[in-house]
Amino acid sequence: MLNIIVGSLSVGVTPSNSSYESIATVTVGSGGSSTITFSSIPSTYTHLQIRGIARTATNVSLGLRFNSDTASNYSRHYLNGNGTSAGAGGGANSTSAYAGTTATATSAFGANVIDVLDYKDTNKYKTIRALSGGDNNGSGFVQFMSGSWRNTNAVSSIDIFQVDGDTITQYSSFALYGIKGV
Amino acid sequence: MAAGSTYTPIATSTLGSAQATVTFTSISQSYTDLVLMCAGQNATGDGQQGNLTFNGDTGTNYSLTQVSGSPPYTYSARTTNGNALYLGYNQAWSTVANSPGIYYVNIMNYSNTTTYKTVLERAGYASGTYAGTEAIVGLWRNTNAITSISIVVNASGTFAAGSTFTLYGIAAA
């Protein structure tokens, strides 16, 4: 049990491979996409993890919404480094949680590992956290992010998008994994 | 939606004696991401960086951005056109007995041949001159699939006996 929980938090102990399962992958095709969507998420796991790479043209922050809720039911925070200084920020009553970072240089993609704990628990709001970053050989960010969705519903769908409206470019790819409990 | 078990151990190296280089070769291309977990110490001098290279490339094709906290300081730094990624940016590999630094490295979409390769790392080291915690995003400007990974200690150092290096594969549906 300890291995499963700690492994899901990405701090150095892997879950046994029978508890970590691939659910679905979305890869962006030519022309790009405004949103990456995972829908009909099965309720057979305890936690979810999303791993992915993403590129955009200009703006780099990725947002996340659950169950298509676009109301101001999210709070979000970040701690980051831009290569020169460390910074932190966030906001309450937002319309999405922060969930990742893109890269903008040609052929460079940001990397993102997002954890959604207790996603089907109907007794608590949902909390996410992410480790993400994009490096462009001279610019970029590495970021810790967290967010809360003030809703007790089980998570059945997830949307990921660039918060300023940039298109997520071709070859960006996100994979959804489920982590079982006992 | 397809489902299948994954997060599979590929290889482990536990050093029986001090060693300058750890290399994983002939890496299977069956996965989407790799995760490299290291817990180790430096045998030859406190406060050295670990260097990470792919496919034997020691050209100036690497860059990174990092953020770290080493009480009471927080800071961020960048390397451009470097000849390696860092496994622990902040002189992380210490010689303090029984106090390994740990390094958790996500190597994303390593087997595709379309994109440059991005690495996302978390490290923590509670002992030594620069004890602290940090995160790094690194870029290898090469679209080749990653088939080998080499890890060395900077400044001709050596990894101490007992240091462990484990590689996992994660396959997406």
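Everything in this summary refers to the structure shown in the same document. In this text, all values refer to a predicted model and were calculated from it rather than measured experimentally.

Basis of the calculations
Numbers given to residues run from 1 along each chain, matching the order in which its sequence is written. Chains and ligands are labelled sequentially in the order written, the chains with letters from A and the ligands with numbers from 1. In keeping with the predicted nature of the model, local features appear solely for residues at pLDDT of at least 70, side-chain atom pairs appear and are counted solely at 80 or more, and the whole-chain, interface and lining totals rest on all residues. Side-chain descriptors were evaluated using all non-hydrogen atoms of the structure, hydrogens and water having been removed beforehand. By definition in these notes, contact holds between two residues if any of their heavy atoms fall within 4.5 Å. Once two parts are brought into contact, the accessible area they lose, counted with a 1.4 Å probe and summed over both, makes up the buried area. Salt bridges are identified by distance alone: a Lys or Arg side-chain nitrogen within 4 Å of an Asp or Glu carboxyl oxygen. Polar contacts, as used here, are pairs of N or O atoms within 3.5 Å; protein pairs need one atom able to donate a hydrogen and one able to accept it. Residues neighboring in sequence count only if both atoms are side-chain atoms. Per the convention used, a helix needs a DSSP run of H or I reaching at least four residues, while a strand needs a run of E reaching at least two, with both numbered from the N terminus. Polar here means any residue outside two lists: the nonpolar Ala, Val, Leu, Ile, Met, Phe, Trp, Tyr, Cys and Pro, and the charged Asp, Glu, Lys and Arg; Gly therefore counts as polar. Each pair of strands is called paired provided DSSP finds at least two bridges between the two strands.

This part covers the interface of chain A and chain B. Interfaces are frequently sized by the accessible area removed from exposure as the parts join. Taken together, the 55 residues of chain A in the interface contact 48 residues of chain B. For the pairing of chain A and chain B, the buried interface totals around 3700 Å² over both sides, and the portion due to carbon and sulfur atoms is 62%. For the interface between chain A and chain B, the tally reads one salt bridge. Across the pair A:R51 and B:D33 runs a salt bridge, and its minimum N-O distance is 2.7 Å. Inspection of the region where chain A meets chain B yields 15 residue pairs in polar contact (both at pLDDT 80 or more). Going through the elements one at a time, β1 (20–27), β3 (47–54), β5 (74–81), β8 (110–117), β9 (126–135), β10 (140–149) and β12 (173–179) of chain A are the ones with two or more residues in the side of chain A that touches chain B. With six residues, the single largest contributor to the side of chain A that touches chain B is β1(A). Across the side of chain A that touches chain B, the residue classes tally to 23 nonpolar, 29 polar and three charged. For β1(A) and strand β1 (residues 4–5) of chain B, the ladder comprises two bridges, and the chain directions are antiparallel.

The next thing to look at is the sheet that holds β10(A). Strand order in the open sheet formed by nine strands is β6(A)-β5(A)-β10(A)-β9(A)-β8(A)-β3(A)-β12(A)-β1(A)-β1(B), with antiparallel pairing between adjacent strands. Each edge of the sheet is formed by a strand with only one pairing partner; in this case those strands are β6 (86–94) of chain A together with β1 of chain B. Pairing analysis gives seven bridges linking β5(A) to β6(A), with the strands arranged antiparallel. Across the sheet, residue A:R76 finds its bridge partner in β6(A), namely A:G91.

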